[in-house]
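Chain and residue survey
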Amino acid sequence: MADKPIYYGGTDKRSPIYYGGTSSIAYGGVPPNGGKPMYYGNGGAYGAYGAYGAYGAYGAYGGNAPGSDTDTGIMGTITTARVLRVISQRWLSIFVFLLVGLIISFAIYKISPTIYEARSEFTMDMRRATSHNNTLDQIMPDYGNTYAEIFNTRISDWRSEKIFALIIKQYQNDHPASTVQDDEIIAVLAETKLELLKNSRIITITARSKLPALAADIANSYAKAIEAFTDEENKVRCDKAVSQIHANAEAKRREVEKLATQIRDFRTANKVDNLRSSRDTIQQSISKTTADILSLETQETQLIEWEKLLDKVQKDPESFGVLAAGIPRAQDIAQEFRAFQDASSEHSKLLFSYTDKHPLVVTKQKELTVAKQRFLDATQRALQSGRSSLQVLRNQLINLKNKQLDLRNELSSCEQRIVLAESGLGMLEADFGVANRVLEGLIMDENKARLDAQSNNEIVRVGRPATVPVDPVLPDPLIIFGCGLALSLILGLVFVLVLDNLEDTVVNLADIEGRLSLKVLSVLPHVRRKTREQVAKFLLEDKYSHFSEAIAGLRNLLDSPRYESLSHCLLFISTQPGEGKTITSSSVAISHAMTGKKTLHVDFDMRRPRLLKVWGFELERSKSFSHAMQEACRTGIRPNFDALVNKSNQEGLDVIVSMPPDGVSPSSILGSKMVGEFFEWARSRYDRIIVDSPPFGIVGDVVSLAVAVDSVIIMCCPDRTHFRPIQYCARSLIEAGANILGIVVNDVDLSNAAAFSPSSRVHNASSYSYGSISSDSQNKDREEAEDQNEDLSDEE
C-alpha cells in the first residue's frame, strides 16, 4: 500500500502527528509500546553536534547546540540576554505587576498604624573623690568602674515600677490638662528603649507612640524622672553633710516667707497695685480727653468759617466759588449753582439776539429766577445744618472740658494715696531684701557644701530634650514601597519568564539566535501576492523589490567563501506546512540561475508535490520524479534522470517535479540507494542543487535527505513556528550527521522600523487579506491538508 501523507496530521486536528499526536511521541511522550521517547535515542547521541559546530553558522555563537532544550525548569534557562529580551518584550506585564505592587504597598502603608518616635538624651557622670575621708564615700554604692558597667547596673532601677510612677507623675505635672490615661503611658513606657551611646556618657531614651506629642512628652518626662530620681538619691546621701547649714537656711527661708506674706497682705489691704493701675488708667483717660478736645476745637473753627462763607453767598450769589467737601450739603449747593449758571448763560445768549420783551427771553428769565431761588434755598439749608452741627460740637466741648477737670482731680487724689502706701511697703520690702540676701548666702553656702559632698555622687542631667516628631518612623514608606516594588518586580520577572518559557511561538530574532543557538541567515519580507505561484516566481517580475534584495543577500551569503563549500546542494525544510520553504527554495534557485550558475530545483516532497503547480509544466507520468523513483526501486534499474529534467522560463534553471503520489511510497524511495545515485548525477551536472523537502515530522524523510545534501536551511515564520518542533528538528538532524547552516525568517512585515531589532517582536503579516511570502494559497493549502487528514482517518 502506498504511504499516506501522515505528517500533515493525525485523526485529531488539534494534535497533528508531526507534533507528536495524542501520545506526544515527537516531544518526548511515551510511545504505545512503553519505550523511550523517540527523539532521545539511547543516550549519548547529543555529542554528535560537536563535530559540526565548526561548519554551521551557529558555531560562532559558542552557545548551546542547535536544538538542544536548555530549559531547566518552569522559567527556563535564565541568562542576562534572555532576561533583557523578555523585559523589552513584556515590559507592560512587568509594569502591571509594579503598579499592582505599588497599589498593595500603598494599601499596606495606609492601613498600617502610624508610629512616631521621639528621642531625648541625658548625661551620666560618676564622680569619685581622691581621698576617702568623706563620709559619703562610705555610703556610696559601687556601680562599676566603666560607664557601660554603670549603665547595665542602673538600667534595672531606671526600668523599675518606681521610675514608671515618677514618669507618670512628671508627665501629669508637665501636662495637667492631658486626657491620656495611665495605662496608655505605661504601654508606651513598656516599648521605650534606653541606650548608652558608644564611647560616651550620653544615654538616649527612645519612645514610640501613635501620637507624636505623646512620644515626645514621655521621652522628656522619662529623662526628667531619671534626673529627679538620681538627684533624690544624691540628696539623701548629701543631707547629712549639709544638715546644719540646711537648718539655718530653712529658718531664714521661713523668715523670708513670713516677710513675703506681710508684703502680700499689705499690698492687699492698701490695694497698692490697684492704685497704680488706676493712676495709669486715669492718665490715659486724660490724654485721650485732651486729644478729643483739640479735635473738636479744630472742627468748631472750620464750621465757623463755613458759616461765614454761606452768609456771604446768601447776600451775593454771584460771588459763589468752590466749596470745601466738608461743608454740609456741599454737593447739593454745587449742583444748584451749576443749574443757576447754565440758566444765566442761556439768558445772556438770548438777550444778545432778542430784546428783553421777547417771549423766549421772558421764559428764560423766569427759569433763571427759579434756578437762583433754588440755589439760595440750598445754601440756606446748608447754613442751617452747619449751625446745628456747630451747636452740637460746642456742647460736646463743654462736656469734655468738664470731664478733663474731673479726671485731673481724681489723679491728684490717687497719687496722694499711692505715696502713703508705698512708704509703708518700702519698709517691708527693705526688710525682705535683707532677709532674702541672707537666705541666698546660706543657700550658696549649702550648695557649696553640697557640691563638695557631691564630688563622690552620681550625676544625671537632661541633655537634649525630645522634640515633637514631624515624620513617622512607622510605617516606613521606603521599606514598604521598596519591598513592594522589589517583590512585584521579582514576581513580574518570574511571571514573564514563565510565560516566555510556556509560549512556544517564535516572536523575534533573539528567540531564534538565543534559545535555538542558530544563525539567522536572512529575513524575507512580506510580499503582496494572491497565489503561491506568483510569489514563488516573484524574482522574475521584480528584481529590485525588498523581497528580491533579501533573496539576493541570502544567495550572496551562500556564495561567500565561508559557505561556498557547504552550499552546493542545499535542502530547505520546515517544521510545518505554510512556512514558505517551497517559495523560498524556488526564489533561491531562480536567484542562482540569474547569476549564470547552472541550477537544479528538485521537489522531494513526494506526498504533496508543489513545484509542478508552481512552474505550470504539462507533465506525463513517465516524467514524474516520484513515479520514476518508485519504478526504479521496484526494478532496481537506475532511471534516466536527464529525461526527468524540465526547462523553466529562466535560463540556467532546470526543475524536476513530481505528480500527485498515486501508487508512490515516499518512505521506500527515500530509503533506497536511488536517492544517493540521484545526488551523484545532480552534483556532476549542476553548480547549485536546491531541494524542496516535505515538512519535518515523525517520519524519516527529511533526515535521510539532510544527510545526503551538503547543508540544511530551516524555514521559520514568526508567530507561527513553534520552538519545540524546531528544536526537535535541529537536534534530530544533527544527531543524524546533517549540517545546519541556519534559519531563514519568512513573512516579516518591514513596515515596522524595529523589525530587525533583536529585542522587538517580528511582525507577522500573513493575517492580512492580500498575499505574502506565505501567501493566501498556503493558508488554503493548510486547510486542504486538514481536509486530507480527515479523509485519511476515514480510510484508516
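Residues numbered from 1 in each chain as written. Predicted model: local features only at pLDDT ≥ 70, side-chain atom pairs only at ≥ 80, totals over all residues. Heavy atoms only, no water.

1. Brief notes about the overall build of the chain
The number of helices and strands found in the chain is 24 helices and 12 strands. By the burial criterion, 45% of the 796 residues in the chain qualify as buried. Contacts in the chain between residues far apart in sequence, at least 24 positions, make up 79% of those at least 6 positions apart. Surface exposure of the chain reaches about 40,500 Å², of which carbon and sulfur atoms provide 54%. (Helix = DSSP H or I, 4+ residues; strand = E, 2+ residues; numbered from the N terminus. Buried < 20%, exposed > 50% of the residue type's maximum accessible area, 1.4 Å probe, protein only. Contact = heavy atoms within 4.5 Å. Areas by Shrake-Rupley, 256 points an atom, 1.4 Å probe, with all protein chains shown as cover.)

2. Focus: helix α22 (residues 701-708)
Within α22 the residues assigned to the buried category are D701, V702, L705 and A706. Down the axis of α22, the smallest arc covering the buried residues is 120°, so these residues share one side. Structurally, α22 contributes buried residues whose contacts are with β6 (569-573), α20 (666-670), α21 (674-685), β11 (711-716) and α23 (723-736). (Arc of directions from axis to C-beta.)

3. Quick look at the side chain of K364
Checked against the element boundaries, K364 lands in helix α11 (residues 359-453). For K364, a relative accessible area of 14% translates into the label buried. Once residues within four sequence positions are removed from consideration, K364 is found in contact with A343, E346, H347 and L350.

4. A short note on the environment of V614
Mapped onto the elements, V614 comes out in helix α18 (residues 611-615). With a relative accessible area of 1%, V614 lands in the buried category. Between the C-alpha atoms of V614 and S586, which are 28 residues apart in sequence, the distance is 8.8 Å.

5. Focus on the sheet that holds strand β2 (residues 193-196)
Pairing is antiparallel in the open sheet, where 4 strands are placed in the order β2-β3-β1-β4. Of all the strands in the sheet, just β2 and β4 (458-462) have a single pairing partner and so form its edges. Across the sheet, the mean angle separating the axes of adjacent strands is 25° when strand polarity is ignored. Bridge count for β2 against strand β3 (residues 202-209) is 4 bridges, and the pairing is antiparallel. Considered in β3, the bridge of L196 is made with I203. (Pairing = 2+ DSSP bridges. Axes fitted to C-alpha atoms, helices over the stretch in contact; angles between N-to-C directions.)

6. Overview of the sheet that holds β11
Within the open sheet, the 8 strands sit side by side as β5-β12-β11-β6-β10-β7-β9-β8. Their pairing is mixed. Strands at the two margins of the open sheet, each flanked by one partner only, are β5 (520-525) and β8 (646-647). Bridging between β8 and strand β9 (residues 653-656) involves 2 bridges; their strand directions are antiparallel. The residue bridging N646 from the neighbouring strand is V655, located in β9.

7. Overview of the pairing of strand β1 (residues 116-126)
Of all 11 residues in β1, 8 are buried; the element is thus mostly enclosed. As judged from the 8 bridges shared by β1 and β3, these two strands associate in the antiparallel manner. Following the sheet pairing, S120 is matched in β3 by I205.

8. Details of the pattern of salt bridges
According to the stated counting rule, one finds 23 salt bridges in the structure shown. A salt bridge links K288 to D292; the nearest nitrogen and oxygen atoms lie 3.3 Å apart. Of this pair, K288 and D292 both sit in helix α9 (residues 272-315), 4 residues apart, which is roughly one turn of the helix. Overall, the relative accessible area of 28% leaves D292 in the partly exposed class. (Salt bridge = Lys/Arg side-chain N within 4 Å of Asp/Glu carboxyl O.)

9. Concerning unusual backbone geometry
Outside of glycine, negative phi angles account for most residues, and trans bonds account for most peptide bonds. Across the junction of L474 and P475, the peptide omega takes the value -5°, indicating a cis bond. In this structure, P475 sits in the loop between β4 and α12 (477-502). Positive phi, normally seen in glycine, also occurs at N199, with a value near 55°. Here N199 lies in the loop between β2 and β3. On the accessibility criterion, N199 (77% relative accessible area) is exposed. Look at D747: it is not a glycine, yet its phi comes out positive at around 65°. Examined against the element boundaries, D747 turns out to sit in strand β12 (residues 740-748).

10. Digging into the packing of helix α19 (residues 625-635) against α21
Two numbers describe how α19 lies on α21: the axes approach to 10 Å, and their chain directions differ by 125°. Between α19 and α21, the angle falls in the class oblique. Here α19 contributes F625, M629, A632 and C633 to the contact with α21, which in turn contributes M674, V675 and F678. Residue classes in the contact of α19 with α21 are distributed as 7 nonpolar, no polar and no charged. (Parallel < 35°, antiparallel > 145°, perpendicular 65-115°, else oblique. Nonpolar A, V, L, I, M, F, W, Y, C, P; charged D, E, K, R; others polar.)

11. Focus: the nonpolar core
Counting 54 residues, the largest nonpolar core has F604, F678 and L733 as the members making the most contacts within it. Here this core gets 7 residues from one element, more than from any other, and that element is α23. Discounting residues that sit within four places of it in the chain, L733 has contacts with I573, F696, V702, V703, A706, V712, A738 and I740. Ranked by size, the runner-up nonpolar core spans 35 residues in total, among them F538, F547, V655 and V744. (Core = buried A, V, L, I, M, F, W, Y, C linked by side-chain atoms within 4.5 Å.)

12. Looking at α9
With 44 residues, α9 extends 65 Å between its outermost C-alpha atoms, agreeing within 8% with the 64 Å of an ideal straight helix rising 1.5 Å per residue. Buried within α9 are the following residues: V272, L275, I282, I286, T289, I293, L296, E300, L303, W306, L310 and V313. (Expected span 1.5 Å × (residues − 1).)

13. Things to note about the packing of aromatic side chains
For the coordinates displayed, the defined rule picks out 15 aromatic pairs. Note on F122 and W158: the rings are 5.5 Å apart at their centroids and 85° apart in plane angle, and the pair reads as edge-to-face. Of the two residues, F122 sits in strand β1 while W158 sits in helix α4 (residues 147-158), which places them 36 residues apart along the sequence. W158 carries the same exposure label as F122, and that label is buried. Taking the centre distance of 5.6 Å and the plane angle of 10° together, the rings of F604 and F679 count as stacked. You can see F604 sitting in the loop between β7 (599-603) and α18 and its partner F679 sitting in helix α21, a full 75 residues away along the chain. (Phe/Tyr/Trp six-rings, centres within 6.5 Å; stacked < 30°, edge-to-face > 60°.)

14. Focus: the packing of helix α1 (residues 80-89) against α12
Remark: α1 packs on α12, axes separated minimally by 10 Å, with the N-to-C direction vectors making an angle of 95°. In terms of their interaxial angle, α1 and α12 are classed as roughly perpendicular. Where α1 approaches α12, its residues R82, V83, R85, V86, I87 and Q89 are matched on the opposing element by L493, V496, L497, D500 and N501. Along the lines of polarity and charge, the residues of the contact of α1 with α12 split into 6 nonpolar, 2 polar and 3 charged.

15. Considering the side chain of S591
Among the secondary structure elements, S591 is positioned in helix α17 (residues 581-594). You can call S591 buried: its relative accessible area is 1%. Other than its neighbours up to four places away in sequence, S591 contacts L539, I551, A552 and R555.

16. So, the confidence of the model for the chain
The predicted model of the chain has a mean per-residue pLDDT of 77, with 79% of residues at 70 or higher. When pLDDT is averaged over each helix and strand of the chain, the minimum, 42, is found for helix α24 (residues 776-795) and the maximum, 94, for strand β10 (residues 688-692). Note that residues 129-136 has pLDDT below 50 and, in this model, 9 contacts with residues that lie over four places away or in other chains. Overall, residues 758-796 carries pLDDT values under 50, and its contacts beyond four positions in sequence, including any with other chains, amount to 106 contacts. (pLDDT = per-residue confidence, 0-100.)

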